[in-house]
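# Summary of the model geometry
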Amino acid sequence: MTGTILAVCVSEKKGEQKHPVDAITLEVRVGIPGDAHAGDWHRMLSLLSAESVRKLQEKVNIPLTPGAFAENVLVDGMEVHTLPVGTKLRVGTALCEVTQIGKECHADCAIRRQTGDCVMPREGIFARVLESGTAKAGDAVEVLA
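Quantities reported herein were computed from a predicted structural model and do not represent experimental measurements. The written sequence of each chain sets the order in which its residues are numbered from 1. Local features in this predicted model are restricted to residues whose pLDDT is 70 or higher, and side-chain atom pairs enter the listing and the counts only when it is 80 or higher, whereas totals over whole chains, interfaces and linings include all residues. To get the side-chain values, take all heavy atoms of the structure and skip hydrogens and water.

## Quick notes on the overall build of the chain
A helix here means a DSSP run of H or I that spans at least four residues, while a strand means a run of E at least two residues long, and both kinds are numbered starting from the N terminus. Counting secondary structure elements, the chain contains three helices and 10 strands. Split into buried and exposed, the 145 residues of the chain put 49% on the buried side. Restricting to contacts in the chain with at least 6 residues of sequence separation, those with at least 24 account for 71%. Approximately 6,800 Å² of the chain is accessible, and the part contributed by carbon and sulfur atoms is 50%. For each residue, the accessible area found with a 1.4 Å probe, counting protein chains only, is set against the maximum for its type, and the residue is called buried under 20%, exposed over 50%, and partly exposed in between. Note on definitions: a residue-residue contact is assigned when non-hydrogen atoms from the two residues lie within 4.5 Å. Reported accessibility uses the Shrake-Rupley method at a 1.4 Å probe radius. Residues are deemed covered only where the shown protein chains occlude them.

Now the structure itself:
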């Protein structure tokens, strides 16, 4: 199964929307240097399906831009929340492993205040970086195992 990266996004502070950047570097034991969620833990990288965003977009009357749900990687053509924990993914040139599906959301995140809902707790996934690499819009996200 393969999807395509629509956008890569970062933010400097937790709890706020991320903004698209040209490319991200993914580092073992770090995640994305400079991103608010960087660090040696199980949620170094967050991924969200474009389809998840589209479903909510149909219900709300504000534009949902890449990074709105604090996702690092917005993926088209793959419902990432269906991937089991332990799945290995090639994200751009980096090797990652799915560590968590969904999350407990703090009630005061920026997107929830704007829309009244957030898909990240239900359909976002998190991964740790196993091999460093880079990712940018247009790159593939490929399920390896």
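## Looking at the pairing of strand β6 (residues 88-91)
Side chains Leu89 and Val91 project from β6 onto a buried face, and the interleaved Lys88 and Arg90 project onto a face without burial. Following β6, the chain reverses through two residues before pairing antiparallel with strand β7 (residues 94-101); Gly92 in that reversal takes a positive phi of roughly 65°. Here a strand pair is declared whenever DSSP counts at least two bridges between the two strands. Relative to strand β10 (residues 140-143), β6 runs antiparallel, the two being bridged by three bridges. Residue pairing across strands places Leu89 opposite Val143, the latter belonging to β10.

## Some points on the pairing of strand β4 (residues 45-49)
Most of β4 is tucked away, with five of its five residues classed as buried. Neither face of β4 is exposed, since Leu45, Leu47 and Ser49 on one face and Ser46 and Leu48 on the opposite face are all buried. Sheet analysis places β4 next to strand β8 (residues 125-131), joined by three bridges and oriented antiparallel. Across the sheet, Leu47 pairs through a bridge with Ile125, a residue of β8. Pairing between β4 and strand β5 (residues 73-76): three bridges, direction parallel.

## Quick notes on the nonpolar core
Membership of the largest hydrophobic core comes to 24 residues, with the highest contact counts inside it found for Ile24, Leu26, Leu45, Leu47, Val73 and Val91. Put simply, the parts of the chain that give this core at least two residues each are β1 (2-10), β3 (23-26), β4, β5, β6, β7 and β8. In this structure, Val73 is in contact with Ile5, Ala7, Val8, Ile24, Leu45, Ser46, Leu47, Leu48 and Val91, ignoring residues within four places of it in sequence. Note on terminology: a nonpolar core comprises buried Ala, Val, Leu, Ile, Met, Phe, Trp, Tyr and Cys residues joined through side-chain atoms within 4.5 Å. Membership of the second largest hydrophobic core comes to 11 residues, among which are Ala7, Ala50, Leu56 and Val60.

## Some points on the packing of aromatic side chains
Each Phe, Tyr or Trp ring, with Trp reduced to its six-membered ring, pairs with another whose centre is within 6.5 Å; inter-plane angles below 30 degrees give stacked pairs, above 60 give edge-to-face pairs, and intermediate values give tilted ones. In the structure shown here, the tally under the stated rule is zero aromatic pairs. Definition used: whenever NZ (Lys) or CZ (Arg) falls within 6 Å of the ring centre and also within 35 degrees of the ring normal, the charge is taken to sit over that ring. Of note, Arg43 hangs over the ring of Phe126, and the distance from its end group to the ring centre comes to 4.6 Å.

## Topic: the environment of His19
Along the chain, His19 falls in strand β2 (residues 19-21). Separated by 12 residues in sequence, His19 and Ala7 have C-alpha atoms that sit 9.3 Å apart. Throughout this description, a polar contact denotes any pair of N or O atoms lying within 3.5 Å of each other; where both atoms belong to protein, one of them has to be capable of donating a hydrogen while the other can accept it, and for residues adjacent in sequence the pair is counted only when both atoms sit in side chains. In this structure the side chain of His19 is engaged in a polar contact, spanning 3.3 Å, whose partner is the side chain of Glu12.

## Some remarks on the pattern of salt bridges
What makes a salt bridge here is a side-chain nitrogen of Lys or Arg within 4 Å of a carboxyl oxygen of Asp or Glu, nothing more. Counted under the stated rule, the structure contains eight salt bridges. Of the charged contacts in the structure, one is a salt bridge between Lys55 and Glu123, with a shortest N-O distance of 3.2 Å. Linking Lys55 in helix α1 (residues 50-57) with Glu123 in helix α3 (residues 120-123), this pair joins segments that are 68 residues apart in sequence. Among the ionic pairs, Lys88 bridges to Glu97, the shortest N-O distance being 3.5 Å. On the accessibility criterion, Lys88 (28% relative accessible area) is partly exposed.

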